[in-house]
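Next come the chains, spelled out residue by residue.
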Amino acid sequence: MTDTSSRPGVRLIPIHGKAPQIHESAFIAPGCTIVGDVTIGAGSSIWYNCVLRADVSSITIGERTNVQDGSVLHCDGPSPQYPDGCPLVIGDDVLIGHMAMVHGCTIEDRGFVGLGAIAMNKAVIASDAMLAAGAMLTETKVMGARELWGGRPARKMRDLDDPAIAGMKLGVAHYAENAKHHAAAVAASGQP
């Protein structure tokens, strides 16, 4: 388990015998609350004032993924509709924009969730796909690879071209580098 003293201003809360497991190279910004069965991979970043609550199922985040400021990540436990529950599974090199709500879905490697977007239980955002800002991907909807979906409820708008995919890759690299600067700034601030 991660030592909370090495993550100033972050609340790590075990529940039901499960505690967050965070790779030492991940950046967790002050103001974040991370509860329960959460796993965060190497080089990932969770930005200011995010809530990751895995009290009834699990949240798994891969490597070099970023979850931007104010986002909420949750999951659902077993139910008559979903006997195995709805864990939240997020792959590598994923971008999740500010104030997104991601709940019990799957985001494959290099997926993108725009600002303020919502992805619901059992939905899938495929590799190199983008859920547009403000969109709502409803339960069980599956986006194909390299597709852009938008609207409420979200529908396919078009396929993404190579420059769009390259732009998402630049975003991942930017956040990985920026997280290092913020980690240093937080450490230098001396704030608990």
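Computed from a prediction, not measured in an experiment: that's the story for all the values here.

Another aspect to go through is the pattern of salt bridges. Throughout the structure, instances matching the rule amount to eight salt bridges. Put simply, Arg-53 and Asp-55 hold a salt bridge, and the shortest N to O gap is 2.8 Å. On the basis of relative accessibility, which here comes to 35%, the residue Arg-53 falls in the partly exposed class.

With that settled, the discussion passes to the packing of aromatic side chains. Going through the model one piece at a time under the given rule, you end up with four aromatic pairs. Centroid distance Phe-27 to Tyr-48: 6.4 Å. Interplanar angle 70°. Geometry classified as edge-to-face. Taken together, the positions of Phe-27 in strand β3 (residues 27-28) and Tyr-48 in the loop between β5 (45-46) and β6 (51-61) put the pair 21 residues apart, joining distant regions of the chain. Overall, the relative accessible area of 23% leaves Tyr-48 in the partly exposed class. Relative to Tyr-175, the ring of Trp-47 lies with its centre 5.4 Å away and its plane at 85°, an arrangement referred to as edge-to-face. Taken together, the residues Trp-47 in the loop between β5 and β6 and Tyr-175 in helix α1 (residues 162-189) connect sequence positions 128 residues apart. According to the relative accessible area criterion, Trp-47 is buried, its value standing at 3%. By the ring-pair criterion, three or more aromatic residues cluster together here, those being Phe-27, Trp-47, Tyr-48 and Tyr-175.

Tracing the backbone through its elements, the reader meets Cys-50 in the loop between β5 and β6. The exposure class assigned to Cys-50 is buried, which follows from its relative accessible area of 0%. For Cys-50 and Pro-30, which are 20 residues apart along the polypeptide, the C-alpha to C-alpha distance reads 9.2 Å. Residue contacts for Cys-50: discarding those within four places in its chain leaves Gly-31, Cys-32, Thr-33, Val-67, Gln-68, Asp-69, Gly-70 and Ser-71.

Right, let's talk about the layout of surface pockets for a bit. In this structure, the largest pocket encloses a volume near 150 Å³. Contributing to the lining of the largest pocket are Ser-6, Arg-7, Pro-8, Glu-24, Ser-25, Ala-26, Phe-27, Ile-28, Pro-30, Ala-183, Val-186 and Ala-187. Of all elements in the fold, only β3 and α1 reach the threshold of two or more residues within the lining of the largest pocket. Take the lining of the largest pocket: its biggest share by element is three residues, from α1. For the lining of the largest pocket, the per-class residue count stands at eight nonpolar, two polar and two charged.

Spatially, β3-β5-β7-β10-β13-β16-β19-β20 is the arrangement adopted by the eight strands of the open sheet, whose pairing is mixed. The sheet is open, and its two edges are formed by β3 and β20 (155-159), each paired on a single side. As defined by bridge partners, strand β7 (residues 66-67) adjoins strand β10 (residues 95-96) across two bridges and the pair is classed as parallel. Its bridge partner lying in β10, Val-67 is registered against Ile-96.

When you line up the elements, His-103 lands in strand β11 (residues 101-103). Of the polar contacts made by the side chain of His-103, one reaches the side chain of His-74; its length is 3.1 Å.

What counts, and at which threshold
Residues numbered from 1 in each chain as written. Predicted model: local features only at pLDDT ≥ 70, side-chain atom pairs only at ≥ 80, totals over all residues. Heavy atoms only, no water. Salt bridge = Lys/Arg side-chain N within 4 Å of Asp/Glu carboxyl O. Buried < 20%, exposed > 50% of the residue type's maximum accessible area, 1.4 Å probe, protein only. Phe/Tyr/Trp six-rings, centres within 6.5 Å; stacked < 30°, edge-to-face > 60°. Helix = DSSP H or I, 4+ residues; strand = E, 2+ residues; numbered from the N terminus. Contact = heavy atoms within 4.5 Å. 1 Å grid on protein atoms, 1.4 Å probe; cavity = no way out; pocket = protein on both sides within 12 Å on 5 of 7 lines; lining within 4 Å. Points joined across faces, edges and corners; volume = space filled by probe spheres on them. Nonpolar A, V, L, I, M, F, W, Y, C, P; charged D, E, K, R; others polar. Pairing = 2+ DSSP bridges. Polar contact = N/O pair within 3.5 Å; in protein donor to acceptor, adjacent residues only side chain to side chain.

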